[in-house]
Amino acid sequence: MVLENLSSSLKDVFKKISGSSYIDKETIKEVSKDIQRALLKADVNVKLVISLTNRLQERAATEKPPAGMSEQDFILKIIYEELLSILGEESRIELKPQTIMLVGLYGNGKTTTAGKLARFFIKKGLSVGLIAADVHRPGAYEQLEQISKQVNSLFYGEKNEKDPVKIIKNGLDRLGDAKVKIIDTSGRDSLDDELIDEIKRIKNEIKPDEVLYVVDATLGQQVGPQAKVLNDAVSISGVIITKMDGTGKGGGALSAVAEIKSPVYFIGTGEHMEDFEVFNPRKFLSRLLGMGDIDALMEAVKETNITEEEAEKSLDKLMSGKFNLKDMYDVWEKFSKPGLLKKIFNSMPLSRIPGGDKLNDSEIDRANEKLNIYRVILDSMTYSELENPDIINAKRIKRISIGSGKDEREVRALLKEYNAMKNNMKMIKSNRNFKKLLKSQMKSGNFGLEDLENIK
Ligand SMILES: Nc1nc2c(ncn2[C@@H]2O[C@H](COP(=O)(O)OP(=O)(O)OP(=O)(O)O)[C@@H](O)[C@H]2O)c(=O)[nH]1
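Residues numbered from 1 in each chain as written. Predicted model: local features only at pLDDT ≥ 70, side-chain atom pairs only at ≥ 80, totals over all residues. Heavy atoms only, no water.

From N to C terminus, the protein includes 20 helices and eight strands. In the protein, buried positions account for 52% of the 456 residues. Across the protein, contacts joining residues at least 24 apart in sequence account for 74% of those joining residues at least 6 apart. If you sum the accessible surface of the protein, you get close to 21,500 Å²; carbon and sulfur atoms cover 51% of it. (Helix = DSSP H or I, 4+ residues; strand = E, 2+ residues; numbered from the N terminus. Buried < 20%, exposed > 50% of the residue type's maximum accessible area, 1.4 Å probe, protein only. Contact = heavy atoms within 4.5 Å. Areas by Shrake-Rupley, 256 points an atom, 1.4 Å probe, with all protein chains shown as cover.)

Right, here's the structure in full:
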């Protein structure tokens, strides 16, 4: 997996800090050097590395840990925040009719990504048209046509036409009823002015809603400056990092993202159309730093340094059943890692939670299977359906079923489960001990599964 080395080096840094009995200037200097080495080894742009570690030293020298947080945790929090600042905040591409233009260097995966992106929108219930505007690479037309069949999208291209603007204008016209049009442009070496002029011309004449930069994660830091040239030419609105499954340093992608300062919308994790994930910076960073799902969950809580009333509020929301499908999806997303569910169910005294009882292995495996089906179904819901499940009527259930490839029966089962979970949460709310334990754990951020044993 890309960034493997960076991941293990940063985990060592985190272990060193957690293991140190006190944090002084020397430790900070040493840790900064370790982080510099780790990032440079991953081929992250030198300028970026220096500015990140300077901020770490400056914040460590001027800021004080909040009440209740140890020096060690505080340094970890600063490193986590500074690394997160490179990745930017989570932002989602809008699910609406739009024209999207893909740009990128040769062979970074634009054509493949065009197909993956088309499949993403189709699953969300939006029809898609793919336009082949790569007029330089032989076979690009056939490749995209093939992909469009694979993902059931519309397709437009003109095999012998050499002017991409003409192809695109005709395509936008002919694909009129497709809600989302995705334009695959020629791969380019950004130092080639002729090709840069070509995408500038496309951008100015077509005025796409989004210009997405497709960058190969396995490339090194030379990508940073090239991304800048592309960005200056067509002002990139978002990034898709491909080949995150590949071997390679991966620092180039991080440098490019930091250079362009546009949000990363997705990551590509393989050659197949389904190897495509919405990018979540916190989750990505937690995986990179080797924090388990629970730690990441509690790390996020600890990071916000939750106060008494905030703990109360977030807990009440959960307990009062006011959470929506998006909240439930996030929790399932964290718990559906293989083995984690088993660990939770086996350690949770379910018999003491209303309607729960000890689950044996096969039942836990079945629960995992069900979670995966539910995640596929949730992936086909629009943001408003996730945030407000009450709007999901028979027509929407039908569309979600088609988008996810699951029976309507399974979609209804998920909705039934969601409502049952909401009612269960209300029941647990009456279990004062459970609520008291959760509140104190969320506040201190030390929520451990073994604590669940103590629920009376
Ligand atoms: N492992 C892996 N391979 C990928 C991924 N995305 C694309 N590829 C492969 O990378 C190669 C290049 O992908 P294309 O989509 O043809 O690249 P392109 O950017 O359209 O090529 P140009 O038009 O020449 O710029 C193909 O073999 C793809 O299968 C990914 O996320 N992981």
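From this point, the narrative continues.
For strand β5 (residues 210-216), the buried fraction is high: seven of the seven residues fall into the buried class. Because side chains alternate across β5, one face comprises the buried residues E210, L212, V214 and D216, and the other comprises V211, Y213 and V215, equally buried. One ladder, built from five bridges, connects strand β1 (residues 98-104) with β5; its direction is parallel. When the sheet's bridge partners are listed, L102 is paired in β5 with L212. Of the pairings in the sheet, the one linking β5 to strand β6 (residues 238-242) comprises five bridges and is parallel in character. Among the inter-strand pairings, D216 is bridged to a residue of β6, identified as T242. (Pairing = 2+ DSSP bridges.)

Along the chain, N393 falls in the loop between α17 (383-387) and α18 (394-404). Distance in space between the C-alpha atoms of N393 and Y213 is 37 Å, their sequence separation being 180 residues. One polar contact links the side chain of N393 to the main-chain amide nitrogen of R396, over a distance of 2.8 Å. (Polar contact = N/O pair within 3.5 Å; in protein donor to acceptor, adjacent residues only side chain to side chain.)

Once that is clear, we can look at the UniProt feature "domain: SRP54-type proteins GTP-binding" (unreviewed entry) in the protein. UniProt tags residues 263-276 as "domain: SRP54-type proteins GTP-binding" (unreviewed entry). As annotated, residues 263-276 has a helix share of 0% and a strand share of 43%, and its two end C-alpha atoms lie 16 Å apart. (UniProt positions renumbered as here; feature names shortened; annotations may be inferred.)

Spatial ordering of the open sheet is given by β3-β2-β4-β1-β5-β6-β7-β8, a layout of eight strands whose pairing is mixed. The sheet is open, and its two edges are formed by β3 (154-156) and β8 (276-278), each paired on a single side. Taken over all neighbouring pairs, the strand axes of this sheet differ in orientation by 25 degrees on average, direction set aside. Summarising the sheet, strand β7 (residues 264-268) and β8 pair through three bridges and their orientation is antiparallel. When the sheet's bridge partners are listed, I267 is paired in β8 with E277. Sheet contacts for helix α5 (residues 110-123): β1, β2 (128-133), β4 (180-185), β5, β6, β7 and β8; angle to β1, the most-contacted strand, approximately 155 degrees. Sheet strands in contact with helix α6 (residues 140-150) are β2, β3 and β4, and its direction is about 170 degrees off that of β2. (Axes fitted to C-alpha atoms, helices over the stretch in contact; angles between N-to-C directions.)

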